[in-house]
Every structure is written in C-alpha cells, then in structure tokens.
Amino acid sequence: VMKLNPQQAPLYGDSVITVQLTEEDKVEDDVVFYLVFTGSTVQHCTSTRKINPGSLETISPGHDCCETVKVALCASREGHPVLVVAEESFQFVQDEAYDAAQFLATCAGNQQALNFTRFLDRSRPPAADVDFLDEKVALAFRHLKLPAEWNVLGADQSLTESIPRETLMHFAVRLGLLRLTWFLLQQPGGRGALSIHNNEGATPVSLALERGYQKLHQLLTEEGAREPDSWSTLSHTVHSGDYSVKHHRGLDVYLLTAEA
C-alpha cells in the first residue's frame, strides 16, 4: 500500500503529488521509483524524486478526460526486473480554473459574456488570489484542445479594428492576469487585440497603464518581453507521434504520456 496526497488532480496536471511509502518499501538508494497512471485511452509514466526515505514527490500529468485511473508504483534497480510494489486509484477532475478557461475560450467573440466578465472585476479578488487564479487558468488554457480556427477575437473575422468591443485581452489585463495575457498574446488574434478599443475607448494597453500594472504594460509594449515566471515555464514538453515527454525543471521530474 502507498498513500498518494492528494488523491486527485485537475485535468491539466502540473500539481505536486506526494507518495508515502510503507515500511517495507523504504529501500536502498539505488532503487528508482516510477508512477504509472493507466487511463482508458492514455497512459502516463512519471519519474519521482526522494524527499526522505519514506516519501517521494512527482508532478501530476495532464489527462484527456475526467475519470478514476489506476496508479502503479514501480521500482527499478539495475540488473533486476521492474517490480510493481503498490497500486492505488487516482482521480482526474475538472476544476474551477478549467471551467473558467473553457468558458473564456468559448466566449472569445461573445460581447454579452465579455461584459459579464467586467462585472466580476468589481468584486476584485485579493492579489494572492489573482496570482493563483492567473497560474491555474493559464495552465488550463494551455491544456484545452482549442479548434484550429480559434482566435482571441472570436470567430467573426469580418469585424475590423475600428469597431469598439470588449476582447479576452481586455479581460485578462483588467484583472492583472500576467500569465494569461502572455498566453493570449501567442495565440491568433492576440497581438491584434492590443489595438482594439472598447466602448469607453480603452485598449488593453491603456487599461494596463491606467491601472498601474507596470509589468503587464511592459509585456504588451516591449519587443523583447519575456514570458512571466510560472509553473508552466518550468515545464518543457516534446511531442513525437503518439508520445509526449515533459520535463519539470523545478522538481527535475520527467513525464511520459502515450496513447494506450
């Protein structure tokens, strides 16, 4: 038996999981532990790092659907066969950040919905919550399978820059969401959104200035602006066919995902 903490993770992954080992699994230093997550259509294998003799740490993989999966703890030692030492179940869930990202992605061109997001701004969350929200929603947005024709400005490409309207970029800037703003800037329509005025004549750039968001203003106006520090900047993913490998530099953990 092993204990996983927590026993669930959001679909977009990238949260820390601690594995408590039982007495008999606390073994010599030359044993390497892996976790294998088996879902209905994909399988993930993650490396772990030892925190102390009785516990390991890893990063939860991003998964393709909400479900309970089987997790096997495997031990490997040079010259010996790989052993499954424990099994446990684990749940992938759709959390609020995922819901929010999905809602925002769907509403890119919907003025009523975007005006609703302005209403949210009046009950501003405290700064620490904004940072947490920013991190999670940006991670979730990265994980969404956006359609090929998706655009920050919505589906109606006939609207010119001269038509005043709210955009997703106004939303991200108004709340001071640095990482989400960066993500949107990299998407089709992201740069174009910067020069669009809303009904009060504000562009995302003027909003950043007006609200005193210096970092955000730099991000929008400086040529060589770098991606803001975040959990996802610590991760590097390489895709190859049905496989993807991700390295989380913060914990030095590797994740291999394969279609089962």
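The structure contained in this document is the topic of the report that follows. All of these numbers come straight from a predicted model, not from anything done at the bench.

## Some words on a nonpolar patch on the surface
- The grouping of Val238, Tyr243, Val245, Tyr254 and Leu256 at the surface amounts to a nonpolar patch, some 470 Å² of accessible area in total.
- For the nonpolar patch, the secondary-structure elements that each account for two or more residues are β11 (243-248) and β12 (253-259).
- By the secondary structure assignment, leucine 256 is in strand β12.
- For leucine 256, a relative accessible area of 35% gives the class partly exposed.

## A few points about the layout of surface pockets
- Here the largest pocket is characterised by a volume of approximately 840 Å³.
- In terms of lining, the largest pocket is formed by 30 residues, of which the most central are Gly62, His143, Thr237, His239 and Ser244.
- Counting residues per element, the ones that place at least two in the lining of the largest pocket are β5 (42-47), α3 (127-143), β10 (235-240), β11 and β12.
- Split by residue class, the lining of the largest pocket holds seven nonpolar, 15 polar and eight charged.
- When residues of the lining of the largest pocket are sorted by domain, at least three fall in each of domain 1 (3-94 + 233-259) and domain 2 (96-227).
- Considered as a void within the structure, the second largest pocket measures approximately 310 Å³ in volume.

## Some words on the environment of leucine 83
- Counting through the fold element by element, leucine 83 comes out in strand β9 (residues 83-93).
- A C-alpha to C-alpha distance of 8.4 Å links leucine 83 and leucine 73, two positions 10 residues apart in sequence.
- In contact with leucine 83, other than residues within four places in its own chain, are Leu73, Cys74 and Ala75.

## Quick word on the side chain of threonine 58
- By secondary structure assignment, the location of threonine 58 is in strand β7 (residues 55-59).
- Taking the relative accessible area as the measure of exposure, threonine 58 reaches 0% and is therefore buried.
- At 2.8 Å, the side chain of threonine 58 forms a polar contact with the backbone oxygen of serine 47.
- Apart from residues lying up to four places away in sequence, threonine 58 is in contact with Ser15, Val16, Ile17, Leu35, Thr46, Ser47, Thr48, Leu251 and Val253.

About the cut-offs
Residues numbered from 1 in each chain as written. Predicted model: local features only at pLDDT ≥ 70, side-chain atom pairs only at ≥ 80, totals over all residues. Heavy atoms only, no water. Patch = residues over 30% accessible without salt bridge, like charges linked within 9 Å, V, L, I, M, F, W, Y side chains within 5 Å. Areas by Shrake-Rupley, 256 points an atom, 1.4 Å probe, with all protein chains shown as cover. Salt bridge = Lys/Arg side-chain N within 4 Å of Asp/Glu carboxyl O. Helix = DSSP H or I, 4+ residues; strand = E, 2+ residues; numbered from the N terminus. Buried < 20%, exposed > 50% of the residue type's maximum accessible area, 1.4 Å probe, protein only. 1 Å grid on protein atoms, 1.4 Å probe; cavity = no way out; pocket = protein on both sides within 12 Å on 5 of 7 lines; lining within 4 Å. Points joined across faces, edges and corners; volume = space filled by probe spheres on them. Nonpolar A, V, L, I, M, F, W, Y, C, P; charged D, E, K, R; others polar. Domains from an automatic or database assignment. Contact = heavy atoms within 4.5 Å. Polar contact = N/O pair within 3.5 Å; in protein donor to acceptor, adjacent residues only side chain to side chain.

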